[in-house]
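Observations on the model geometry
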Amino acid sequence: MTSSRIEPEFEGGSAEYAQHTSPEQPLQQVCHIITPVGMLGYGFDERQIEQALEDLKSSNAPIALILDSGSTDSGPAKLALGTFTAPRSSYERDFRKLLALTNKYKTSLLISSAGGDGTDAHVDAFLDIIQEICNEEGNSSYQFETLAIYSNVSKPRVLASLKTGEVRGCGTSVPTLTEKDVNDAVTIVAQMGPEPFVDAMEAAKSFDIVIGGRSYDPSPYAAFAIYNANKLKAPTKSLTHQQVGGFTHMGKIMECGALCATPKSQSAMATIYLDGTFDIKPLGPGTRCTPTSVAAHTLYEKTRPDMLPGPGGNMDLSNTSYLQLDDQCTVRVKGATFEFSRAVALPYTVKLEAAKLSGYRAMFMGGIRDPILIKYFAEFKGRIREFVASQNPNISSPHFWKLGFHVYGDNGVMESLEPGDRCYQPREIFIVGEVLASTQQLASSIASTARIACVHGSYPGQRGTGGNFAMGVGGVMEIPLGPSAEFCIYHLIPLEKGEETARRIGDEFDDAISKDTVSPIFKWKATTIKSSTTANGTILSSVTVNSFVKHSPALVVPPPLKRQNPTQASTLNFTTPQTLADIAPVIRSKNSGPYEITLDVVFSSRSIYNLVKTLTPTLLGPTTISKLYNIPEEAIIWCGFFDQALAWKCTIPRRRVEILDGVGGEGECVNKCSGGFMESDVHASQQYAGLLNLELGDEVVSRIREVVGRAFEEGGA
């Protein structure tokens, strides 16, 4: 185990930072990082990456291709069922491009959170894919020194911390962890910080590829910068709060590719400097980064924009600055700091993630056009459940069933958060009936019975007696969905000093030499992956390679991509504004982990932003959000402004009406995690709709007109 010297041993980083950022001293490059796409398996244009690598040929700084592969965004199925985020074939396609680029340009390749959840099994699966590609025809020259870093955590380790009261939820909406939650978990992973990556890279001396288990999204980016910065600093010096803060901030932005660009695109490149400053630009033609677009990305998927917690501390972005460089495509960022938890006598914590099986699901779907039934449907759902119960009278513990309805056209997307008029009646509705039961056989039977009740049930004022339900989409009546997963661990666990690092598999910690020895919870191994074929093409490896897979074509340097600054027609209306959508070009929502939904509004004019800020809480305060989203004001997790991005943010708990067993039907609206039974928007990416038509009111409209009028008089806003 090596010492990565990420955590300062003493305070005093400010003086060193001042020295690095002195106007008289030029910035010293540490490395270049290219992110082809924000999620491995989603596909990318390799021509853009090759052009960027060609442009960097004259640079002496190390270069890495780094991609994140993980997220809880798509729900708990990966952790509970062992599935990938993307199809295996999609990973194979992207790896072929990446390995060809790595082989040709001799860059490093770092992948984190393998397979989506970062389990040990998915790290090994990625190693298998690399081996398979090396075995393909035309790849006999491939040979990669590869590091694999593992992040599974044992249940006894978690239970030991639980018994001492050291485990706490990652956020106020996360329920208290129980021993049953731990025992029900299929696999538990810990989000590693940069330390395991740095430890493995420094111990291995030479590497081409790093495949990481579950990681804090910025970790591989920060680690590559730290690894190379360590080579440039004095051996006795630790990196400062400002350096680690800047490297981590860079990773926070880069892990999403060029989502920080306008318009958003796939690929981005960062140049990182020794003092923590970094430059970022998109690689796609017709895209550019602006100070506002980069600063606004800080809001993305996070509870609050100024203080971002992670392994071992908090990233403080309250004093960050964003400068447009002369090419009008690149933005220079600096000012972030990383506040180490142990420096203020708090423990180093990592986030644990796990999911459990909650039953089996089935569904049926169809439409209703009859306005009489649409008006009565809320009551009709109860009749459906009563019919199902009458046909299944002997269901008793441990068996159970639940039946819920997604009603698209009414509130199918936002459900309990729907801000629309409760008296609104749509022309037609599309019903997705979702069943959760103790077995797949029971779930499918309940779905069939419920569909029959939808088709043939009676209701007051009924005119159409031939059937109530337009069905047959896809040629099936009911669809068995298999096991249902649910998050059961999303909690922080404290680590003793040294546990946050990584040990090489086979080292002394495998032997319990002393109970007092602190063993790192992460582990790594080194392996050489190369072609395992003979001269006649026989595969020596036990890995089976699909015969229809073609090898990667030879990479050809493309002509330089023509870059044009994007021009988009504005849809803003400052002259006769009525709603928030008239004055804000970005209004969005996203999940912030499985238990929270965060809302962002970004303004294009500082004068309009300042006006809205002065009018809060009248316009965008907690009271407004409480009424708009039907949640108690005290339940709002964070609500405020971020000046650097001209942005407002509000984070609320993810809530859903609870579906009770059997005829119990619909219960209270309660906090729920994403991706489980009755999920309707796992990314929470459509929950902003309530803000679009938020009325500004006469006073706000009048003040906006005053601001716009003054701007015209002064020659521009």
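Our subject in this report is the structure included herewith. (Residues numbered from 1 in each chain as written. Predicted model: local features only at pLDDT ≥ 70, side-chain atom pairs only at ≥ 80, totals over all residues. Heavy atoms only, no water.)

**Let's talk about the overall build of the protein**
Across its full length, the protein holds 17 helices and 27 strands. Put simply, the protein shows about 30100 Å² of open surface, and 51% of that area lies on carbon and sulfur atoms. (Helix = DSSP H or I, 4+ residues; strand = E, 2+ residues; numbered from the N terminus. Areas by Shrake-Rupley, 256 points an atom, 1.4 Å probe, with all protein chains shown as cover.)

**Overview of the sheet that holds strand β10 (residues 307–310)**
Strand order in the open sheet formed by three strands is β10-β11-β14, with antiparallel pairing between adjacent strands. The sheet is open, and its two borders are formed by β10 and β14 (337–340), each paired with just one other strand. Mean inter-strand twist for the sheet, computed between neighbouring axes without regard to direction, equals 25°. In the sheet, β10 pairs with strand β11 (residues 313–316) via four bridges, with the strands oriented antiparallel. (Pairing = 2+ DSSP bridges. Axes fitted to C-alpha atoms, helices over the stretch in contact; angles between N-to-C directions.)

**Brief notes about the packing of helix α8 (residues 195–204) against helix α9 (residues 219–232)**
Running from N to C, α8 and α9 cross one another at 45°; their axes reach a closest spacing of 8 Å. Classed by the angle they form, the pair α8 and α9 counts as oblique. In this structure, α8 crosses over α9, and the sense of that crossing is right-handed. Contacts between α8 and α9 pair F197, V198, M201 and E202 from the former with S219, P220, A223, F224, I226, Y227 and N230 from the latter. (Parallel < 35°, antiparallel > 145°, perpendicular 65-115°, else oblique. Left-handed = near helix turned anticlockwise from the far one by under 90°. Contact = heavy atoms within 4.5 Å.)

**Section: helix α15 (residues 622–629)**
Taken as a whole, α15 has its buried residues at T624, I625, S626, L628 and Y629. The inward-facing, buried residues of α15 abut β23 (596–602), β25 (647–653) and α16 (689–692). Backbone geometry just after α15 places N630 at a positive phi near 55°. (Buried < 20%, exposed > 50% of the residue type's maximum accessible area, 1.4 Å probe, protein only.)

**Focus: the packing of aromatic side chains**
For the coordinates displayed, the defined rule picks out 15 aromatic pairs. Seen from their ring centres, F364 and F469 are 6.1 Å apart, and the 65° between their planes marks the pair as edge-to-face. Of this pair, F364 sits in strand β15 (residues 348–368) while F469 sits in the loop between α13 (440–456) and β18 (470–471), placing them 105 residues apart in sequence. Between the aromatic rings of F603 and Y609, the centroid separation amounts to 6.3 Å while the plane-to-plane angle is 50°, which identifies the pairing as tilted. Of the two residues, F603 and Y609, neither departs from the other in class, the shared state being buried. The structure contains a cluster of three or more aromatic residues connected by ring pairs, namely F364, F377, F380, F405, Y459 and F469. Between K97 and the ring centre of F44, over which it is positioned, the NZ or CZ distance is 4.9 Å. (Phe/Tyr/Trp six-rings, centres within 6.5 Å; stacked < 30°, edge-to-face > 60°. Lys NZ or Arg CZ within 6 Å of the ring centre and 35° of its normal.)

**Some points on the packing of helix α12 (residues 371–391) against α13**
Where α12 meets α13, the closest approach of the two axes is 9 Å, and the angle between their N-to-C directions is 130°. Considering the angle they form, α12 stands oblique to α13. α13 is crossed by α12, and the crossing has right-handed handedness. Facing F380, I384, F387, V388 and Q391 of α12, the residues of α13 in contact are I446, T449, A450, A453 and C454. Grouping the amino acids of the contact of α12 with α13 by side-chain chemistry returns eight nonpolar, two polar and no charged. (Nonpolar A, V, L, I, M, F, W, Y, C, P; charged D, E, K, R; others polar.)

**Brief notes about the sheet that holds strand β22 (residues 586–591)**
With antiparallel pairing, four strands are arranged side by side in an open sheet as β22-β23-β25-β24. Strand pairing shows two members of the sheet lacking a second neighbour, β22 and β24 (638–642), which therefore form its edges. Across this sheet, the average inter-strand angle for adjacent strands is 15°, counted without regard to direction. Alignment of β24 against β25, held across five bridges, turns out to be antiparallel. Within β25, the residue paired with F642 across the bridge is A647. Sitting on the sheet, α15 is in contact with β23, β24 and β25, with an inclination near 50° to β25.

**Overview of the pairing of strand β26 (residues 655–659)**
In this structure, β26 lies alongside strand β27 (residues 666–671), joined through four bridges in antiparallel fashion. Considered in β27, the bridge of V657 is made with C669. Taken together, β26 and the strand that follows it, β27, pair antiparallel across an intervening segment of six residues, in which G662 is found at a positive phi of about 55°.

**Section: the nonpolar core**
Side chains that are nonpolar tend, in soluble globular proteins, to be buried together. Core analysis: the largest hydrophobic core is formed by 79 residues, its most contacted members being I33, I188, M201, M250, I272, V294 and I489. Here this core gets eight residues from one element, more than from any other, and that element is α9. Once you skip the residues sitting within four places of it in the chain, V294 turns out to touch I253, C260, I280, C289, Y322, V331 and V333. In this structure, I34, L56, A100 and I111 belong to the second largest nonpolar core, which totals 38 residues. (Core = buried A, V, L, I, M, F, W, Y, C linked by side-chain atoms within 4.5 Å.)

**Brief notes about the pairing of strand β19 (residues 479–495)**
One face of the sheet, then the other: side chains in a regular strand alternate in exactly this way. With 12 of 17 residues buried, β19 is to be regarded as a mostly interior element. In the sheet, strand β5 (residues 168–169) pairs with β19 via two bridges, with the strands oriented antiparallel. Among the inter-strand pairings, G169 is bridged to a residue of β19, identified as H491. In terms of strand pairing, β15 meets β19 through 15 bridges, oriented antiparallel. Looking across to β19, one finds that Y360 is bridged to P483.

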